[in-house]
Structure formats: C-alpha cells, structure tokens
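Fold and geometry: a report
These are the residues of each chain, in order.
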Amino acid sequence: MKSPILLGVNIDHSATVRQARYRGQPSARGGMVEPDPVAVALEAQRSGADAITMHLREDRRHIVDSDVYRMKEFIQVPLNLEMAATEEMTKIAAEVRPATVLLVPEGRTEVTTEGGLDVVAHRARVADVIAAMKEAGIAVSLFIDAQSEQIDASAELGAQYVELHTGNFAHAWDSPELEAELNVLKEGAVRAHEAGLKVNAGHGINYTNIRRAREIPWLHEMNIGHSIISRALFTGIGAAVREMKALMNP
Ligand code: PXP
C-alpha cells in the first residue's frame, strides 16, 4: 500500500503578518505581539501537521532567530529549518538542531524562493554544509529543480532528501505546459528515488493544484505554506491543515 504523503506546514507567512506591525519588538510584550508563529505551529501540529518548516532568511524579513529557538523548544513534530548554505546559518542550525535543514538559494531582491539550488555549481559549499550537519546529527534536504544533473549531484553529495521545486508546475496551471511540467516532476521523483533519495516537494502548492501534484510518485512529504496560511484567515489554521491533508491523501 502507498504510504500517505506527509504534510510539512510552512508557517513563515504568519511571521510576515507579525512583522508588518511589530518588526523589532520583543515577542513577550504583554502578549500584544501577534500572531505568534509558534502558536500557529502548535495549532497546525494539533490538527495533523507532520512537520513544521520555517525559513530563517538572511534579512530576517519574516522569521527571526528567537522564533527558531522557541519553535524547537515547543513543537513535538520534526522541525525543518529552511536556510541558505552560509556559514552563519550552518552555525545556527548546529545550535538549534532541527530534524532537517532544507538548503535553498537566497536572493535579497526575490519576494519568495524563486528557483532551485544549483547544487552542481555550488558543490563544494553544499558539501561543507552537509558535512557540518552530519556531525550535528541533522539530515539535509536540497531544494532543487527536477533536473537529472541536480538530482545526481544531490545523491553524490550524500543528501538524504531532495525537495523538488514545484513552482513551474504551479505557474503552468491552466496552461498547455501543465502536463509537461508535471512530467518533469514525475520523472525527477523516480530518478531521485532510484538514487536512494527521499523525495519531498514544495512551492506554490494550493488547494486546487494539489489534486495533480499528488500524482508525483514516491512523495514522502510536501511543504506547503502560503495557501494554508491564506485559507486559515477564513477557516482557522486547524481546518486549513485538515483540509489540505485530506486532499493530499484522498
Ligand atoms: N519549499 C520551499 C523550499 C520554499 O522556499 C517555500 C516557500 O517559502 C515552500 C516550500 C512553500 O511554498 P508556498 O508558500 O508557496 O507553499
């Protein structure tokens, strides 16, 4: 029987809302600072989230350092720390000890992560981070485009997971390119699985396109953020998580 696809809930955008009003203010200010991303994660966990993902960006535009330390302290499900492959982030990860680090490219001018990490071009840097994380007992996932050379390099470097970038698939919704983009992901997932990698996927997955995204074979986990946080404005985070989980594993 096919194992259920796990749901990693990315709570970054709850912190985006907080920063819009309370940037730079300590989270303990008499309970005034809201929403608290840790409280959002706890509610997601109660409602079936299998993991919590948070992206500590170099510019701290949404998640700030204290969120990461508090998150690790309070949640019981695995913490997936998304980060750039920098020395600063490697140091923080080794201290926090999340279950997984998810390496992504980071450009200061991008609104959100726009493409996969070029593991081939940054082989040495990625290898250094993987070695440091291995020493700290942390698994490594690489966010990549589903291209053969990126998948093969990820396996060669000893990553345990790849997260296939589903952004192009999401952008191709309602366009003639949809099937081709989905096929790229399907073929990439098979190649990654055969190379011994666990296969995750994420970026731009929502309550509509999940019906096709779940066709990707060998999926271990999907990381979903924006659509769950958006839906939660109407339904609350609990119902938003439960609905997504039901659509992932009908
Ligand atoms: N995976 C990665 C690597 C991401 O950078 C993001 C966006 O922060 C996601 C998954 C989640 O994407 P979305 O917010 O579009 O669901």
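Residues numbered from 1 in each chain as written. Predicted model: local features only at pLDDT ≥ 70, side-chain atom pairs only at ≥ 80, totals over all residues. Heavy atoms only, no water.

1. Section: the environment of Arg214
In plain terms, the rule: Runs of E in the DSSP output that reach at least two residues are strands. Runs of H or I that reach at least four are helices, and both are numbered from the N terminus. Only heavy atoms matter for contacts: two residues are in contact if any of them lie within 4.5 Å across the pair. Whenever two N or O atoms come within 3.5 Å, that pair is a polar contact, provided that in protein one can donate a hydrogen and the other can accept it, and provided that, for residues adjacent in sequence, both atoms are side-chain atoms.
Mapped onto the secondary structure, Arg214 falls in the loop between α9 (210–213) and β8 (219–224). C-alpha of Arg214 to C-alpha of Leu247: the two residues are 33 residues apart in sequence and 8.7 Å apart in space. Discounting chain neighbours no more than four positions away, the residues touching Arg214 are Lys2, Ile5, Leu219, Leu247, Met248 and Pro250. Here the side chain of Arg214 touches Leu247 through a polar contact of 2.6 Å, landing on its backbone oxygen.

2. A closer look at the site of the ligand
Stated precisely, the cut-off is as follows: By convention in this text, a residue qualifies as near a molecule or strand provided that one of its non-hydrogen atoms is within 4 Å of it. Each accessible area value is a Shrake-Rupley result obtained with a 1.4 Å probe; residue values ignore everything except the protein chains displayed when judging cover.
Taken together, 15 residues are adjacent to the ligand, and Glu82, Glu163, Gly204, Gly225 and His226 come closest. In this structure, His226 approaches the ligand through a main-chain N or O atom, which is 2.8 Å from an oxygen atom. Computed on the free molecule, the ligand has an accessible area of 390 Å², of which 93% lies beneath the protein chains in the complex.

3. Some points on the pairing of strand β6 (residues 161–165)
We apply this condition: Burial classes: relative accessible area under 20% of the type maximum marks a residue as buried, over 50% as exposed, and values in between as partly exposed (1.4 Å probe, protein chains only). The pairing criterion is simple: DSSP has to find at least two bridges between the two strands. Orienting the strands away from the viewer, one traces the path from the first strand over the helix to the second; a clockwise path indicates a right-handed crossover.
Where burial is concerned, most of β6 is hidden: 5 out of the 5 residues are buried. Across the two faces of β6 the burial is the same, with Tyr161, Glu163 and His165 and Val162 and Leu164 all buried. Judged from the 4 bridges that link them, strand β5 (residues 139–144) and β6 form a sheet pairing that is parallel. By the bridge assignment, Ser141 is partnered in β6 with Tyr161. Since β5 and β6 lie parallel, the crossover through helix α6 (residues 148–156) that links them has a hand, and here it is right-handed. Both β6 and strand β7 (residues 198–202) contribute to a ladder of 5 bridges, which runs parallel. Of the residues in β7, the one forming a bridge with Val162 is Val199.

4. Considerations on the packing of aromatic side chains
Each aromatic ring pair is summarised here by two numbers: the centre-to-centre distance and the angle between the ring planes. This is how it is decided: The criterion for an aromatic pair is that two Phe, Tyr or Trp rings (for Trp, the six-membered ring) have centres within 6.5 Å, with stacked assigned to planes under 30 degrees apart, edge-to-face to planes over 60 apart and tilted to the rest. Any Lys NZ or Arg CZ found within 6 Å of a ring centre and within 35 degrees of that ring's normal is scored as a charge over the ring.
Enumeration according to the criterion identifies 1 aromatic pair in this entry. The aromatic ring of Tyr207 is capped on one face by Arg231, whose charged end is 3.9 Å from the ring centroid.

5. A few points about helix α5 (residues 123–135)
Condition: Here, expected helix span is obtained from the residue count minus one, scaled by 1.5 Å.
The end-to-end C-alpha separation of α5 is 18 Å, in line with the 18 Å expected for 13 residues at 1.5 Å each. Contacts from the buried residues of α5 go to β3 (79–83), α4 (87–96), β4 (100–103) and β5.

6. Here's the deal with the packing of helix α3 (residues 65–74) against α4
Using the following cut-off: Axis angles are defined between N-to-C directions and span 0 to 180 degrees, where every axis is a line fitted to C-alpha atoms and, for a helix, only to the segment in contact. The labels follow the angle: roughly parallel below 35 degrees, roughly antiparallel above 145, roughly perpendicular from 65 to 115, and oblique for the rest. By convention, the crossing between two helices is left-handed when the near helix turns anticlockwise from the far helix through less than a right angle, and right-handed when the turn is clockwise. Residues are grouped as follows: nonpolar covers Ala, Val, Leu, Ile, Met, Phe, Trp, Tyr, Cys and Pro; charged covers Asp, Glu, Lys and Arg; every other residue, Gly included, is treated as polar.
Contact geometry of α3 with α4 gives a least axis separation of 10 Å together with a crossing angle of 25 degrees. Classified by the interaxial angle, the pair formed by α3 and α4 is roughly parallel. The way α3 lies across α4 gives a crossing that is right-handed. For the pair α3 and α4, contact is made by Asp65, Val68, Tyr69 and Lys72 and by Ile92, Glu95 and Val96, respectively. Residue composition of the contact of α3 with α4, grouped by class: 4 nonpolar, no polar and 3 charged.

7. Description of the sheet that holds β8
With parallel pairing, 8 strands are arranged side by side around a closed barrel as β1-β2-β3-β4-β5-β6-β7-β8. Taking each pair of neighbouring strands and ignoring which way they run, the sheet shows an average axis angle of 25 degrees. Summarising the sheet, strand β2 (residues 51–55) and β3 pair through 4 bridges and their orientation is parallel. Pairing of His55 across the sheet is with Glu82, part of β3. The strands touched by helix α8 (residues 178–194) are β6 and β7; relative to β6, the strand with the most contacts, the crossing angle is about 175 degrees.

8. As for the side chain of Asn223
Mapped onto the elements, Asn223 comes out in strand β8. Those residues in contact with Asn223 that lie beyond four places of it in its chain are Gly8, Thr53, Asn80, Leu102, Glu163, Ala201, Gly202 and His203.

9. Here's the deal with unusual backbone geometry
The phi angle of most residues is negative, glycine excepted, and most peptide bonds adopt the trans form. Pro35 follows Glu34 through a cis peptide bond whose omega is -5 degrees. In this fold, Pro35 is placed in the loop between α1 (12–22) and α2 (37–46).

10. Some remarks on the pattern of salt bridges
Worth spelling out the cut-off: What counts as a salt bridge is simple: a side-chain nitrogen of Lys or Arg found within 4 Å of a carboxyl oxygen of Asp or Glu.
A full pass over the atoms with the stated rule returns 13 salt bridges. Measuring nitrogen to oxygen at the nearest pair gives 2.7 Å for the salt bridge that ties Arg70 to Asp36. Of the two residues, Arg70 sits in helix α3 while Asp36 sits in the loop between α1 and α2, which places them 34 residues apart along the sequence. Given the relative accessible area of 24%, Asp36 is considered partly exposed.

11. Considerations on the pairing of β3
With 5 of 5 residues buried, β3 is to be regarded as a mostly interior element. Alternating residues of β3 divide into Leu79, Leu81 and Met83 and Asn80 and Glu82, and every residue in both groups is buried. For the handedness criterion, the β-α-β arrangement of β2, α3 and β3 is classed as right-handed. Note that β3 and β4 share 4 bridges and pair parallel. Within β4, the position partnered with Leu81 by the bridge is Val101. For the handedness criterion, the β-α-β arrangement of β3, α4 and β4 is classed as right-handed.

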